[in-house]
Structure formats: C-alpha cells, structure tokens
Amino acid sequence: MIPLFEKYRPRKFIEVKGQEIPVDKIKAFLSNFNKDLTKKKAILLYGPAGTGKTTLAIVAAQELGFELFELNASDLRNRKKLDEVLKPSTEQLSLFNKGKIILVDEVDGVTSTLYGGIAELIALIEKTKFPMIITCNDIWQTKFNLLRTKCEMVGMKEVPYNVTLDIIKEVCKKENKFITEDLIKEISAKARGDLRAALNDLQSVMNIQGMTLEEISIREKSQDIFNALKELFKIRTNQNTLEIYNNVDLELDQISLWVEENIPKEYRGEELAKAFDALSKADLFKGRIYKQQYWHFLVYQNFFLSAGISSAKGAKNLSPRFTKYNPPSRILKIWMANQRNAKKKAIAMKYAELTHTNKNRAMRDFNLIALMIDDNAIRLMQLEEPEIEFLKEKQQELKALASA
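A quick note: this is a predicted structure, and the numbers were derived from the prediction, not measured.

**Q** Got a minute to help me understand the overall build of the chain in this structure?
**A** Along its length, the chain carries 20 helices and five strands. Among the 404 residues that make up the chain, the fraction classed as buried is 43%. By element, 51% of the accessible surface of the chain is carried by carbon and sulfur atoms, the whole surface being about 22,800 Å².

**Q** Can you help me understand the pattern of salt bridges in this one?
**A** Pairing is possible between side chains of opposite charge, provided their charged atoms come close. By the definition in use, this model includes 14 salt bridges. Here Glu270 makes a salt bridge to Lys274, at a shortest N to O gap of 3.6 Å. Taken together, the residues span about one helical turn, with Glu270 and Lys274 both in helix 14 (residues 269–292) at a distance of four residues. A relative accessible area of 59% places Glu270 in the exposed class. Residue Asp375 is joined to Lys392 by a salt bridge in which the shortest nitrogen-to-oxygen separation is 3.2 Å. Residue Asp375 is located in helix 19 (residues 375–381), and its partner Lys392 is located in helix 20 (residues 385–403); the two are separated by 17 residues in the primary sequence.

**Q** Before we go on, may I ask you to explain the environment of Arg379 in this structure?
**A** Summarising the element assignment, Arg379 is placed in helix 19. Owing to a relative accessible area of 56%, Arg379 belongs among the exposed residues under this scheme. Polar contacts involving the side chain of Arg379 include one to the side chain of Asn376, which spans 2.5 Å.

**Q** Is there a simple way to think about the packing of aromatic side chains in this case?
**A** The way to describe two aromatic rings as a pair is by their centre distance and the angle between their planes. Applying the stated rule across the entire model yields seven aromatic pairs. Look at Phe285 and Tyr300: their rings are 5.2 Å apart centre to centre, the planes differ by 25 degrees, and that puts the pair in the stacked class. With Phe285 in helix 14 and Tyr300 in helix 15 (residues 298–310), the pair connects residues that are 15 residues apart, well separated along the chain. The structure contains a cluster of three or more aromatic residues connected by ring pairs, namely Phe285, Tyr300, Phe303 and Phe304. For Lys100, the ring lying beneath its charged end belongs to Phe130, and the centroid distance is 5.4 Å. Here the basic side chain of Arg288 rests over the ring of Phe285, its NZ or CZ set 5.3 Å away from the ring centre.

**Q** When you look at helix 10 (residues 195–207) in this model, what are you seeing that I'm missing?
**A** The terminal C-alpha atoms of helix 10, which comprises 13 residues, lie 18 Å apart, in line with the 18 Å expected from a rise of 1.5 Å per residue. The complete set of buried residues in helix 10 reads Leu195, Ala197, Ala198, Leu199, Asp201, Leu202, Gln203, Val205 and Met206. The backbone nitrogen of Arg196 has a side-chain oxygen 3.2 Å away, supplied by the residue at the start of helix 10, namely Asp194.

**Q** When you look at the nonpolar core in this model, what are you seeing that I'm missing?
**A** If you look at soluble globular proteins, the nonpolar side chains tend to sit buried side by side. By size, the foremost hydrophobic cluster in this structure holds 27 residues, and its most contacted members are Tyr245, Ile255, Val259, Leu305 and Ile309. For this core, the leading source of residues is helix 14, giving six residues. Once you skip the residues sitting within four places of it in the chain, Leu305 turns out to touch Leu232, Tyr245, Leu252, Ile255, Ser256, Val259, Leu279 and Ala282. The next biggest cluster of nonpolar side chains, apart from the first, holds 20 residues, and it includes Val16, Leu30, Ala60 and Met156.

**Q** So what exactly am I meant to see when it comes to helix 9 (residues 181–191) here?
**A** Along an α-helix, a turn takes 3.6 residues, which lines up residues three or four apart on a common side. Taken residue by residue, helix 9 has Leu183, Ile184, Ile187, Ser188, Lys190 and Ala191 as its buried positions. In the segment just after helix 9, Arg192 is the residue with positive phi, at about 50 degrees.

**Q** I'm lost on a nonpolar patch on the surface in this one. Help?
**A** A cluster of nonpolar residues, Tyr290, Trp295 and Leu298, forms a patch on the protein surface that exposes about 320 Å² of accessible area. Position of Tyr290 among the secondary structure elements: in helix 14.

**Q** Any chance you could explain unusual backbone geometry here in plain terms?
**A** A negative phi angle is the norm for most residues apart from glycine, just as the trans form is the norm for most peptide bonds. In this structure, Asn176 is a non-glycine residue whose phi angle is positive, near 55 degrees. Its place among the elements puts Asn176 in the loop between helix 8 (161–175) and helix 9. The phi dihedral of Arg192 falls on the positive side, at around 50 degrees, and the residue is not glycine. For Arg192, the position within the fold is in the loop between helix 9 and helix 10.

**Q** How do you make sense of the packing of helix 8 against helix 9 when you look at a structure like this?
**A** A packed helix pair is summarised by two numbers, namely the angle formed by the two axes and the spacing between the axes. In the contact formed by helix 8 and helix 9, the axes pass within 9 Å of each other and the chain directions differ by 130 degrees. Considered as vectors, helix 8 and helix 9 are oriented oblique to each other. Helix 9 is crossed by helix 8, and the crossing has right-handed handedness. Here helix 8 contributes Tyr161, Thr164, Leu165, Ile168, Lys169 and Cys172 to the contact with helix 9, which in turn contributes Glu181, Ile184, Lys185, Ile187, Ser188 and Ala189. When its residues are assigned to classes, the contact of helix 8 with helix 9 shows seven nonpolar, two polar and three charged.

Cut-off values and rules
- Residues numbered from 1 in each chain as written.
- Predicted model: local features only at pLDDT ≥ 70, side-chain atom pairs only at ≥ 80, totals over all residues.
- Heavy atoms only, no water.
- Helix = DSSP H or I, 4+ residues; strand = E, 2+ residues; numbered from the N terminus.
- Buried < 20%, exposed > 50% of the residue type's maximum accessible area, 1.4 Å probe, protein only.
- Areas by Shrake-Rupley, 256 points an atom, 1.4 Å probe, with all protein chains shown as cover.
- Salt bridge = Lys/Arg side-chain N within 4 Å of Asp/Glu carboxyl O.
- Polar contact = N/O pair within 3.5 Å; in protein donor to acceptor, adjacent residues only side chain to side chain.
- Phe/Tyr/Trp six-rings, centres within 6.5 Å; stacked < 30°, edge-to-face > 60°.
- Lys NZ or Arg CZ within 6 Å of the ring centre and 35° of its normal.
- Expected span 1.5 Å × (residues − 1).
- Core = buried A, V, L, I, M, F, W, Y, C linked by side-chain atoms within 4.5 Å.
- Contact = heavy atoms within 4.5 Å.
- Patch = residues over 30% accessible without salt bridge, like charges linked within 9 Å, V, L, I, M, F, W, Y side chains within 5 Å.
- Axes fitted to C-alpha atoms, helices over the stretch in contact; angles between N-to-C directions.
- Parallel < 35°, antiparallel > 145°, perpendicular 65-115°, else oblique.
- Left-handed = near helix turned anticlockwise from the far one by under 90°.
- Nonpolar A, V, L, I, M, F, W, Y, C, P; charged D, E, K, R; others polar.

Written as structure tokens, this is what we have:
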C-alpha cells in the first residue's frame, strides 16, 4: 500500500501549500544560477519535519526540467565517502535534461569532525557546476556554522492548521472515505504543522475502522521518547543513565516496546545480542512484578531497560549519524487485538445474559455459540453494528475452516 504522503505528494509548485515564500525563493535561485557569479551555489531548506523540504526539491526538478541526483546525507559518515559518492555527480553533465540538481537530504546526519562530511560538503559546494539543494531540520547546531555562510538560507515554516485541514479533507474525498469532521480537525491539530504526520494518522484511521482520538495523541508523547532513545543509543553523559526515562510521559512497558522496535537500528552482531539480552532480563523482572506483586523489582526492570541496553555498545562505537526512530508496531497490533477481543467479549456477555449462561463459559465456547446466533438472536441480544459486523466475519471464518 502506497503511503498517503507519497501518493499525494505535490508534483507542481502550485500544489505546494503553505510555503509560498520558499517556493518563490527556490524558483529564483535555480533560474539565476550561474547568471550571477556572486550568488551562492547552494540553497539550504531548513525547518521542522513534515513541512515539505524534500518535496519542494523534487517539485523544483520536475517542473523546471532538471535531473535530480538525490543523496541521503545520513549515510555519509566521512569525507572519503562523500568524495566517492557526491563528487562525481557534481562533475558529470546531465544527458537528457537542461541541467542537474544535487539534493543532499537530511544533512543533520553528516559528521562534524575536521576531516568529516561537513568540511567536504562545503568544499564541494564551492567547486560544483550545478545548483545544490540541502535540507536540514536543525540548522542552528554549532557544526553548521560555516555551512550556513556558504548557502542561501530558506526557512520552511510549519504548515498552517487550516491548510492541513483542507488537505486532509481533499484526500478523504479522493480516497472516497468518510471521516467525521471532529476527527479530521483533531488529526490536523495534533499534527502541529507536520503534514506528513497528519497524512500518516489519516491513513491509520482509514485502515482501522473505529480508531479513536486517543491513539492519535501518542505523537504528543513521541518527542520525549525520541530524545530518550537518542540518549540511550548515542550519548554518554555524566548524568545517571537510570534517569533517561524520567521525562518520558509513557509507562515503562510502553517504553520497552519503543526500545525493542529500535534496537536493530543501532546495534549489530554481539552488541545486538547483548542489547536484546538486557531487554529480555527487563521483561523477566516485569513478569515477576506482575505475578508476585514485587513492585520493588521496578528498579531492576528500569536498570536493564536503560543502563543495560546502553552499555551493550562500547563508547568507541557510538555513531553521531542521524537515526530515524520508529514507533512500535506492536502497539498497533495489540490495540487491534484488544478491539477484536472487546467485541467478542461484548457478544458473549449479551448471549450469557439472554440465555442465563455462565459468562466464562460463553467466552470459552464462543466459536460454537457464534455459529448458533441467527438474525433473530441478534435482534434479541440487541447487538450494535460493529458487533454484528464482527460476528458475521467470525461466522464466515468458522464456516470456511469447517469446509476446508
């Protein structure tokens, strides 16, 4: 399935909403390139995630007839690699287009060492024969001091709420999906200017019937957990590692799911094994806490989940490169399972009440009971529409298994 933010990515300048000033500036930059030798050879698009920095570069190439050479800077960890990959693209002419644009995406991930990526990137900007577009989230880091002087700076602002709202409504219309007005407004507000996030939330709502606003609000908690993961995997400070999660507004069990999802992004080989061993020990203590009510074991669960996993990687192997952390997929799977189980339980309870059957037995024998429930029983049990839909699906599933 194509993500909505890709499916409806703008193809023309007129389709880029809420970024009129950056659009005008990038048009002028590309149109005047090489006409004025005093002009800078790179334009730096900076701003929050999801505001369309990469999209604007792609649109510029498509609409103005340039070939686009795209490079993800987070993969370029040192000067040699930048030289090997990026330098040839700045020297070769485009075969079929009137020119070429060099896109260096997510420059946040380039190293800041003297002989690292930043120095080489600046040297290539000075030598290039083609315009360069560089994107960055946080351009005000110290390591970018010199880079800023070499580029024309163009800030991308957060997409206004009303623009996000209009785009969400238009996408719903094109997808022929009905989403309530309140939910559309909530999605637009929760995105806080991140259009990509808004479309991702919309896709989740479309794919999972009945998804509530509570699931969407998880983004408000994400920033703290992202910072905690960065501290866990990348940074060695003097602060107590056990305090990494102090400012994270999530339960320890939820934090564990985030850590589990992202360990493979940061660890390899023996370090990966050590990290998952520490995670398994944290889970072991969680089980003892729940089973025996030994709440003083929380300190051990937190220890393995923080210091245990952090120490799996030696300090010399810490990587400064940017890593995009993902929310745990298991949260969605668990939520979906809970939704199905809630409908099953509701039907079983109504059946038990109607037939004066033991409620536990109704749950235990649910598959048999489901096959016995007809339209008349549905009416007597006063099942709601989502419950009827679930029951019909369950009946079809059981009949298919019986005939197999």
